Amino acid sequence: MTDQEILSSYVGSFVDELVRSGVRHAVVSPGSRSTPLAMMMAEHPLLKVWMHIDERSAGFFALGMAKSHQEPVALLCSSGTAGANYYPAVIEAAQSNVPLIVLTGDRPHELRDNGAPQAIDQIKLYGDYVKWFMEMAMPSSSPDLNRYVRTAASRATAVSSSVPSGPVHLNFPFRDPLIPDLAYSGLFSHGRDDHSPWVKATDHLHVLSEEVIAEYANKLVGKKGIIVVGPQDSDELAESLFSFAERLGYPVLADPLSKCRHTESPNLIEGYDAFLRGDVDSLLYPEVVIRFGAMPVSKAFMLFMKKVASPIQIVVDERGWRDPTLSSSDMLTVSPSSFVNSLLPAVGRVDLKETGWLDKWKTVNQITLKLLHEDLDTDGLFEGHVFRELGKVMSEGELLFVGNSMPIRDMENFFLPENSRPTVMGNRGANGIDGIVSTAIGASTAYSSSVLVIGDLSFYHDMNGLLLAKLYEINLTVIVVNNDGGGIFSFLPQREQNHHFEQLFGTPHGLNYEHAAALYEASFERISNWDEFKEAYVKSQNHHGLSIIEVPTDRDSNLVLHREMFEKVSRETAIVLQECSKS
């Protein structure tokens, strides 16, 4: 075999095995040293290649695709600092358990650590943020190489997908010449004859023993308990979980990213973030707390948990040890669905009407939702109202992607869909504002209609990502809540220190985002009232491609309106709980 045939067989076998193992999408950034992999990916008939010039944005785009398609996505770049630009997306993938297969081209060993251009140390570039790292062998004529490279591809796909999902990193050193022979007859051959993966991997399974089932049924039945569901991506959990809650008589506090706000149930409590901000009466203190998955977005809930200090706090989380309150009494590394389905037969229907436990939560929740959705007497544009309007028009089958800082918190309180609920996503692994635009565009590839609500600083931080929407004609409506700076800092103690606040935290920029829309050939509307918002939204849904709607707001008045609303909720719910304590 010639050197070119050896290279072609080696890289072709790897790419083909990725596809056989379930990879359908590859996000590629241009570069020289990654040429063999890039050309082979483009050549494979069952792999869709998405090109993006900016590696940092490309990493988040791949992250969004993996989130929405719920499968591993390959991510390829050249040598040098190109791979370093993937780091923020790799961190987010690790923190939020998203399967990414990061592939970096590299210089051969003789060109390392001696001043060769575009050469850095790429060994374990992402440290502990990847589940697995491998420095790949150089292509050679060894008869074992086909088995080696196919096993590596199978393993990368399996490890990234296994619970807890996350990123893996394979580093590929290549020597010149870098051009594979696309006409070579053995390009995608030498795999399993039945086209199955080279290695079939089965994820670890957890089955609860009869003793464990009996133990937890005894801990839960007849207690004043609450169920908390943090961000998670299971579509199957909601139905069995609410059956479980109804049998126990427990209220369910469902995070907006949990996929459990999709279910209509008398046990569902959506307004907890608002009413837990006040001095919550001890009538709502639970004896048992069972949490499924990560902590919710709500800071008010976390502070409530620290205040309650229930003796029994059970965390059911297959993805690791996640307890920032340091108050859990039981930690079960098992999937929430397995836990619920195992215990359902052992939990009979419980009647807690004598205590009125569930009724108290439901009453407070109903009052809270009513107050949160009353019309505000204001001439300005209240930021939370964006989600009120979206709740009227969005429905099942659509995607609502929400930025961090204020948008995710406003969605928590003000998004109450009147129709069926859309899928809601966000980047809540590291909770950063970087890469939100790119992630949303990547996630939008799985939906015909998508909306991103994002703050102005976060939008600025990732405007490069808009190129992907332009190149691939992706339908996305971006709603930019523009308060000319870092609005969330107005809610933090820094706001009380007026000296240097605007310079260090408010950070006004004065940018006109209409120019950004023109650069990326997007439609643009800047609204001044909610009637204009409705018109702009309808127009965006009829527009093919990228639309940007800017909602200009005032940071100071927004702070006042939020505080007034939450103070009203606290007053009204306190009155109701006082009446409950007398009855």
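Report follows, based on the coordinates. (Residues numbered from 1 in each chain as written. Predicted model: local features only at pLDDT ≥ 70, side-chain atom pairs only at ≥ 80, totals over all residues. Heavy atoms only, no water.)

### Thoughts on the pattern of salt bridges
And step 1. If you walk through the whole model with that rule in mind, you get 23 salt bridges.
And step 2. Between D176 and R33 there is a salt bridge, with the nearest N and O atoms lying 3.9 Å from each other. Taken together, the residues span a long stretch of sequence, with D176 in the loop between β6 (167-173) and α6 (210-220) and R33 in the loop between β1 (25-28) and α2 (35-43) at a distance of 143 residues.
And step 3. Two residues, D434 and R56, come together in a salt bridge whose shortest N-O distance is 4.0 Å. Within this pair, whereas D434 is found in the loop between β14 (423-426) and α14 (436-444), its partner R56 is found in helix α3 (residues 55-69), the two being separated by 378 residues in sequence.
And step 4. With relative accessibility at 18%, the residue R56 sits in the buried group.
And step 5. Each of the salt bridges in this network shares a partner with another, and the network as a whole consists of D16, E17, R20 and R150. (Salt bridge = Lys/Arg side-chain N within 4 Å of Asp/Glu carboxyl O. Helix = DSSP H or I, 4+ residues; strand = E, 2+ residues; numbered from the N terminus. Buried < 20%, exposed > 50% of the residue type's maximum accessible area, 1.4 Å probe, protein only.)

### Points about helix α12 (residues 385-393)
And step 1. Within α12, seven of the nine residues are buried, which leaves it mostly tucked inside the rest of the structure.
And step 2. Inspection of α12 places H385, V386, F387, R388, E389, L390 and G391 among the buried residues, and these make up the whole buried set.

### Re the sheet that holds strand β9 (residues 268-269)
The strands making up a sheet are joined through hydrogen bonds of the backbone, oriented either antiparallel or parallel.
And step 1. Taken in spatial order, the six strands line up as β9-β8-β7-β10-β11-β12 in an open sheet, and their pairing is parallel. Unpaired on one side and paired on the other, β9 and β12 (330-332) mark the two borders of the sheet.
And step 2. In this sheet, β9 lies alongside strand β8 (residues 252-254) in parallel orientation, the contact comprising two bridges. Counted as the bridge partner of L253 is I269 from β9.
And step 3. On the sheet, helix α7 (residues 237-248) packs against β7 (225-229), β8, β9 and β10 (288-292) and is oriented at approximately 170° with respect to β7. (Pairing = 2+ DSSP bridges. Contact = heavy atoms within 4.5 Å. Axes fitted to C-alpha atoms, helices over the stretch in contact; angles between N-to-C directions.)

### Some thoughts on the environment of I312
And step 1. When you line up the elements, I312 lands in strand β11 (residues 312-316).
And step 2. Along the primary structure I312 and S329 are separated by 17 residues, whereas in three dimensions their C-alpha atoms are 5.7 Å apart.
And step 3. Excluding residues within four positions of it along the chain, I312 makes contact with K219, E287, V288, V289 and S329.

### As for the pairing of β14
And step 1. Burial of β14 is two-sided: the residues T423 and M425 facing one way and the residues V424 and G426 facing the other way are all buried.
And step 2. When strand β13 (residues 399-402) meets β14, the two strands line up parallel, connected through four bridges. Bridge pairing links F401 to M425 in β14.
And step 3. For the crossover from β13 across helix α13 (residues 406-414) to β14, the handedness is right-handed. (Right-handed = clockwise from strand over helix to strand, strands pointing away.)

### Let's talk about the sheet that holds β1
And step 1. Pairing in this open sheet of six strands is parallel, and the strands run β2-β1-β3-β4-β6-β5 from one edge to the other. Each end of this open sheet is capped by a strand with a single partner; those strands are β2 (48-51) and β5 (132-135). Shown here is a sheet whose adjacent strand axes are inclined to one another by a mean of 20°, direction ignored.
And step 2. Strand contacts of α3: β1, β2, β3 (73-77) and β4 (100-106), with the helix running at about 170° to β3, the strand carrying the most contacts.

### Focus: the side chain of S438
And step 1. Along the polypeptide, S438 turns up in helix α14.
And step 2. In contact with S438, not counting residues within four places along its chain, are S57, F60, F61, D462 and G465.

### Notes on unusual backbone geometry
And step 1. Geometrically, the link from V163 to P164 is a cis peptide bond, its omega value of -5° lying close to zero.
And step 2. As for its placement among the helices and strands, P164 is situated in the loop between α5 (145-161) and β6.
And step 3. With omega at 0°, the peptide bond leading from D176 into P177 counts as cis.
And step 4. Here E521, not a glycine, exhibits a phi torsion of approximately 55°, which is positive.
And step 5. Inspection of the secondary structure puts E521 in the loop between α18 (513-519) and β17 (523-526).
And step 6. Take E521: its relative accessible area is 60%, and that puts it in the exposed class.

### Topic: α6
And step 1. Every buried residue of α6 is accounted for by I213, Y216, A217 and L220. Down the axis of α6, the buried set is contained in an arc of 105°. They therefore lie on one face. More than 90 degrees from the buried face of α6, the exposed residues found are E211 and N218.
And step 2. The inward-facing, buried residues of α6 contact α7, β10, β11, β12 and α10 (336-343). (Arc of directions from axis to C-beta.)

### A closer look at the packing of aromatic side chains
And step 1. Summed over all chains, the structure comprises 18 aromatic pairs.
And step 2. One aromatic cluster in this structure is built from F275, Y285, F304, W357 and W361.
And step 3. Over the ring of W198 we find R192; its NZ or CZ atom is 4.0 Å from the centre of that ring. (Phe/Tyr/Trp six-rings, centres within 6.5 Å; stacked < 30°, edge-to-face > 60°. Lys NZ or Arg CZ within 6 Å of the ring centre and 35° of its normal.)

### A few points about the environment of S140
And step 1. When you line up the elements, S140 lands in the loop between β5 and α5.
And step 2. In this structure the C-alpha to C-alpha distance between S140 and M1, which are 139 residues apart in sequence, comes to 9.7 Å.
And step 3. Among residues more than four places away in sequence, those in contact with S140 are I6 and L145.
And step 4. At 3.3 Å, the side chain of S140 forms a polar contact with the backbone nitrogen of S142. (Polar contact = N/O pair within 3.5 Å; in protein donor to acceptor, adjacent residues only side chain to side chain.)

Taken by themselves, the reported measurements are silent on function.
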